[in-house]
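# Examination of the molecular architecture
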Amino acid sequence: ASDQPATSSSRENVDAAPRATASACVIDQLVGGARMFIHFARPTNPCLPVAQGFADDPGRDFNIVAELRRLIDATPAGGTIKGHIYAIDMDAIAKALVAAQTRGVNVWISTDPTVKASTDPSRTQYLSQLHHIVFCSTANGVPCIGTSTSSAAASHVKLFYFDQGTSSTGITSPTGEHYGRASWFGSANQTYVSGAEMFNNSVTVYDWQTLQDDLESYLDDMYNQVQYTQYFDRASHRGYYPHPPATFFASPSPDEDLVLSELNTITPQVNCKVRVMQTFINDSRLDVVGRLIELKQGQCDVLIATDEIQPNAFAQLHAAGIPIVKQHIHDKLFIIYGNFAGTHEFRVYTGSHNLGSTANDTNEELFVRLASEPAGDASLRPVYNAYYDHFYDAYDSGSLLTGATNVTSADD
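As the structure is a prediction and not an experimental result, all values here were calculated from the model. (Residues numbered from 1 in each chain as written. Predicted model: local features only at pLDDT ≥ 70, side-chain atom pairs only at ≥ 80, totals over all residues. Heavy atoms only, no water.)

### Quick word on the nonpolar core
Heads up, the condition is: Buried Ala, Val, Leu, Ile, Met, Phe, Trp, Tyr and Cys residues that are joined via side-chain atoms within 4.5 Å together make up what is termed a nonpolar core. Note on classification: 1.4 Å probe, protein chains only; a residue is buried when its accessible area is under 20% of the maximum for its type, exposed when over 50%, partly exposed between these limits. In this description a helix means any DSSP run of H or I spanning at least four residues, a strand means any run of E spanning at least two, and both kinds are numbered starting from the N terminus. Should any heavy atoms of two residues lie within 4.5 Å, those residues are counted as being in contact.
Membership of the largest hydrophobic core comes to 52 residues, with the highest contact counts inside it found for Tyr218, Phe248, Leu370 and Tyr387. Broken down by element, this core gets its largest block of residues, nine residues, from helix H12 (residues 382-396). Leaving out residues up to four positions away in the same chain, Tyr218 has contacts with Ile145, Val157, Leu159, Tyr231, Tyr241, Ala250, Ser251, Glu364, Glu365 and Leu366. Phe37, Ile88, Met90 and Tyr192 belong to the second largest nonpolar core, which has 42 residues in total.

Here is the structure:
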């Protein structure tokens, strides 16, 4: 790897679209008609370097996890919290869930099997106090929904649902408005390493009933360990939740590569832009790698920022002339301007879905397409602009890979 950073001047050479004047820590927008707050964490320039109850350390950004705790604290007695935890070592989150239960909130949590074995106080002292918690069991396959018995499979979703329930108090937004329901999802775990020390994003949607009904049902399936080898099903809408604010694609889906299907909707041409921001890119997803190369060859401008990439994936992308920057990234993002079935749109894909085979085939994951924004004046695409800036916060401060790569062997 080269120590040479990918500088702003290099960005100017490859990207004709101007960057916004300042990177956002939080944006508040109506997206597809729904109120959304999007939070970013960037350890190179933290939005929230210190937060009460969390262990501060240089290079930590608590902007996302502090917002999750705020939502837990904002749920009134008589309300409901349902959530799924892949990994946790932040006592502040676990304590907040116990405090919510104590004040009369109905708390229902499911977790990846590894949480049960954890000796961290967040698990042994706090989560163990919850009346309704399921540590998904290897007896039914490793994940909660999937049927795989592979030790590489995981219940990797980061998702919480909040409901005011019998209370009339409502759940407050960051700016103080009150809503009946909210859903929080994104890339950040409730751990210091992958929740505060790496680039991440989260999305909170307020009061969109049908969307929240679907996500609550999905959480119920995980809590009840309803088993499917192929959970994603377009025809029945099981694991497929299309809504105006966002469309959700839920793994496992061994019959269809959910990322590849979406990338295949792009018609490559001049001015197309694809920004990829991924924890890792594994050789097990070379079909996705191949599609990125096809987009590049079709005159899309493709840039990648990643924490780790395996050798074959690197070799193919590098040979195609696609710049790859190494940075501490935990996002799972595609930020795209392109031609979709004859219409030019700005799109952001987010969620928990990594570019490894288990993410698609055996894990529980959410791959989320936020509502498209139209071509035209830059003011019409605030969500794209914010994610675009988030990408460059990582890309500009990273190291350009020129040969050596870091190898990863399993989805994280």
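The structure having been displayed, the exposition proceeds.
### Some thoughts on the pairing of strand E1 (residues 26-31)
Let me state the cut-off plainly: Being paired, for any two strands, means DSSP has found at least two bridges between them.
Where E1 meets strand E2 (residues 34-41), six bridges bridge the pair, whose relative direction is antiparallel. Paired with Leu30 across the strands is Arg35, a residue of E2. As consecutive antiparallel partners, E1 and E2 are separated by two residues, and within that stretch Gly32 has a phi angle of approximately 60°, a positive value.

### Things to note about the side chain of Gln327
Tracing the backbone through its elements, the reader meets Gln327 in the loop between strand E16 (324-326) and strand E17 (332-340). Residue contacts for Gln327: discarding those within four places in its chain leaves Thr44, Phe199, Thr306, Asp307, Ala394, Ser397 and Gly398.

### Thoughts on the sheet that holds strand E6 (residues 159-163)
Stated precisely, the cut-off is as follows: Axes, fitted as lines to C-alpha atoms, cover a helix only where it is in contact. Angles between the N-to-C directions of the axes lie from 0 to 180 degrees.
Reading across from one edge, E1-E2-E10-E9-E6-E3-E4-E5 is the order of the eight strands in this open sheet, with mixed pairing throughout. Single-partner strands in this sheet number two, and they are E1 and strand E5 (132-135). Ignoring which end each strand starts from, the neighbouring axes of this sheet average 10° apart. Against the sheet, helix H7 (residues 209-223) contacts strand E3 (80-85), strand E4 (106-111), E5, E6, strand E9 (181-186) and strand E10 (200-206), and its axis sits at roughly 65° relative to E9.

### Notes on unusual backbone geometry
With omega at 10°, the peptide bond leading from Ser251 into Pro252 counts as cis. Even without glycine at this site, Asp207 takes up a positive phi of about 50°. Along the polypeptide, Asp207 turns up in the loop between E10 and H7. Residue classification places Asp207 among the partly exposed positions, given a relative accessible area of 40%. Positive phi is not limited to glycine here, since Asn271 has a value of about 80°. Relative accessible area serves as the criterion here: at 53%, Asn271 is assigned to the exposed category.

### A word on the state of the cysteines
Heads up, the rule is: Any two cysteine sulfur atoms lying within 2.5 Å of each other are counted as a disulfide.
Counted by the stated rule, this structure contains three disulfides. Among the cysteines of the protein chain that take part in disulfides, numbered as they appear in the sequence, the pairing is 1-2, 3-4, 5-6.

### Notes on helix H9 (residues 286-297)
We count it as follows: To estimate how far a helix should reach, multiply one less than its number of residues by 1.5 Å.
Compared with the 16 Å implied by 1.5 Å per residue over 12 residues, the 16 Å span of H9 between its first and last C-alpha is a close match. The complete set of buried residues in H9 reads Val288, Val289, Arg291, Leu292, Ile293 and Leu295. On its buried side, H9 packs onto helix H8 (258-263), strand E13 (266-267), strand E14 (273-281), strand E15 (301-309), helix H10 (311-319) and E17. Just beyond H9, the residue with positive phi is Gln299, at close to 80°.

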